[in-house]
Amino acid sequence: MTSKNKRSYLWVDDLSTDETLALFARAEQIKKTLHSGQPVNTLGGKQISVLFSEASTRTKMSFQMAAQRLGGQCLVFDNINTSSMIKGETFEDTFWTLNAMRPDLFIIRCRDSEPLEKIADQSSIPIINAGFGSKGHPTQALLDVFTMKNHFTELAGLRVLYVGDIAHSRVAHSGIMLLQALGAEVKVCAPEVLSKNASLEVENFSSHVEAIRWAQVYVGLRVQFERHESNNNFLKEQFINDFSLSHHKLNSLAKDAVIMHPGPVNWGVEFQDCVRADNRLQMWKQKENGVYVRSALMEKILGVSQ
Ligand code: CP
């Protein structure tokens, strides 16, 4: 899937692999500049409209931090209950209302039922997808793969394992597509009822321990209880018993492997508490890298750089 609006970033393949790697190089430069205490003012004077109709902590704050670090200004819409959506105004009308105010860029998180692709096709203002229902979360994929590349340098042949709710995961969808495009080997491990994702071609390990032994990167995914139908036969206790990363199972993971999770974590479900102290955990590094990668992406979409 690529976007018709050529300036928007809705799907991971809206950037070529060369563009993605150049973006990573720019994110690394931004990281070094900010670490050295030097300013980056590439988004100076830019107005960025942040429109979130689904909940978020990391992505929303990460984009805001990134924009403000680079001198941009954010106008944030994130509370349906204090907006005119509570009076029945649709997401689409809300978007066109903000669009009429002429921001330079939209950062949008929305539900599967909301017409993200349609508004991106019709608007002349570029849009970055910050999480689209269960369909895609391309900037999470960028920051996850950037974190893997920083650690391992080489992505080709890297063995990446996703464990958890593959069926409902926009993170898995975008991450797997990007990793495959960059030559990594990706497999999943999930109970049958959570393993099906029609648009992905990946092998599902039946044994969690076998999968752990195979992995160089272990990505835990949140079990999205809120997206499950009430009559499915999935049992939380069964997941914890068969697929939770526990103290015992950590012993099967290679010493030089890394553990990642996009967050938020259901502690005691995807990961037992012992994972917090494991020196292979890269979860906090992922959050930090999100700011640099999203900075570089906003620069690219807006056609500005230092
Ligand atoms: N990983 C992620 O998208 O987290 P938020 O839902 O908190 O933004």
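Read on for an overview of the structure. Small disclaimer: the values here were computed from a predicted structure and weren't measured.

### As for the overall build of the protein chain
For the protein chain, the helix and strand inventory stands at 11 helices and nine strands. Relative to its length of 306 residues, the protein chain is compact, with a C-alpha radius of gyration of 19 Å against a globular reference of 19 Å. Referenced to the eigenvectors of the C-alpha coordinate spread, the extents of the protein chain come out at roughly 55 × 50 × 30 Å. Taken across its 306 residues, the protein chain has 55% of its residues classed as buried. In the protein chain, once contacts between residues fewer than 6 apart in sequence are set aside, the share between residues at least 24 apart is 73%. Roughly 13,400 Å² of accessible area belongs to the protein chain as shown, and the carbon and sulfur atoms make up 48% of that amount.

### Some thoughts on the environment of L158
Structurally, L158 can be placed in the loop between α5 (138–152) and β5 (159–163). For the pair formed by L158 and Y9, sequence separation is 149 residues and the distance between their alpha carbons is 25 Å. Discounting chain neighbours no more than four positions away, the residues touching L158 are M148, F152, A184, E185, Q216 and V217.

### Things to note about the nonpolar core
Within soluble globular proteins, side chains that are nonpolar generally end up buried alongside one another. Among the nonpolar cores identified, the biggest contains 81 residues, and I107, Y162 and M298 are the most heavily contacted of them. Per-element tally for this core: the top contributor is helix α11 (residues 283–302), with nine residues. I107 has contacts with I48, S49, V50, L51, F52, F63, I128, A130 and M298, leaving out every residue within four places of it along the chain. The next biggest cluster of nonpolar side chains, apart from the first, holds 17 residues, and it includes W11, M85, C110 and I125.

### Here we look at helix α6 (residues 170–181)
Taking 1.5 Å as the rise per residue, α6 with 12 residues should run 16 Å; its terminal C-alpha atoms sit 17 Å apart, in good agreement. With respect to burial, α6 is a largely interior element, nine of its 12 residues being buried. Structurally, α6 contributes buried residues whose contacts are with α1 (17–35), β3 (105–110), β4 (127–132), α5, β5 and β6 (185–189). A distance of 3.2 Å separates the backbone nitrogen of V171 from a side-chain oxygen at the start of α6, and that oxygen is part of S169. Directly beyond the C-terminal end of α6, a positive phi value near 90 degrees is found at G183.

### Description of the layout of surface pockets
Volume-wise, the largest pocket comes out at about 380 Å³. Around the largest pocket sit 21 residues that line it, and R109, R170, R222, G263 and P264 are the ones nearest its centre. Contributing elements (two or more residues each) for the lining of the largest pocket: α2 (58–69) and α6. Residues belonging to the lining of the largest pocket are distributed by class as follows: five nonpolar, nine polar and seven charged. The computed volume of the second largest pocket comes to approximately 230 Å³.

### Things to note about the site of the ligand
Contacts to the ligand come from S56, T57, R58, T59, R109, H137, Q140, P262 and G263. The contact in question runs from an oxygen atom of the ligand to an N or O atom on the side chain of T59, over 2.7 Å. Within the backbone of G263, one N or O atom sits 3.1 Å away from a nitrogen atom of the ligand. In isolation the ligand offers 250 Å² of accessible surface; the protein chains occlude 93% of this area. The pocket occupied by the ligand, as judged from atoms lying within 2 Å of grid points, is the largest pocket.

Rules used throughout
- Residues numbered from 1 in each chain as written.
- Predicted model: local features only at pLDDT ≥ 70, side-chain atom pairs only at ≥ 80, totals over all residues.
- Heavy atoms only, no water.
- Helix = DSSP H or I, 4+ residues; strand = E, 2+ residues; numbered from the N terminus.
- Rg over C-alpha atoms; globule rule 2.2 N^0.38 Å.
- Buried < 20%, exposed > 50% of the residue type's maximum accessible area, 1.4 Å probe, protein only.
- Contact = heavy atoms within 4.5 Å.
- Areas by Shrake-Rupley, 256 points an atom, 1.4 Å probe, with all protein chains shown as cover.
- Core = buried A, V, L, I, M, F, W, Y, C linked by side-chain atoms within 4.5 Å.
- Expected span 1.5 Å × (residues − 1).
- Polar contact = N/O pair within 3.5 Å; in protein donor to acceptor, adjacent residues only side chain to side chain.
- 1 Å grid on protein atoms, 1.4 Å probe; cavity = no way out; pocket = protein on both sides within 12 Å on 5 of 7 lines; lining within 4 Å.
- Points joined across faces, edges and corners; volume = space filled by probe spheres on them.
- Nonpolar A, V, L, I, M, F, W, Y, C, P; charged D, E, K, R; others polar.
- Near = heavy atom within 4 Å.
- Sits in = over half its atoms within 2 Å of the grid points.

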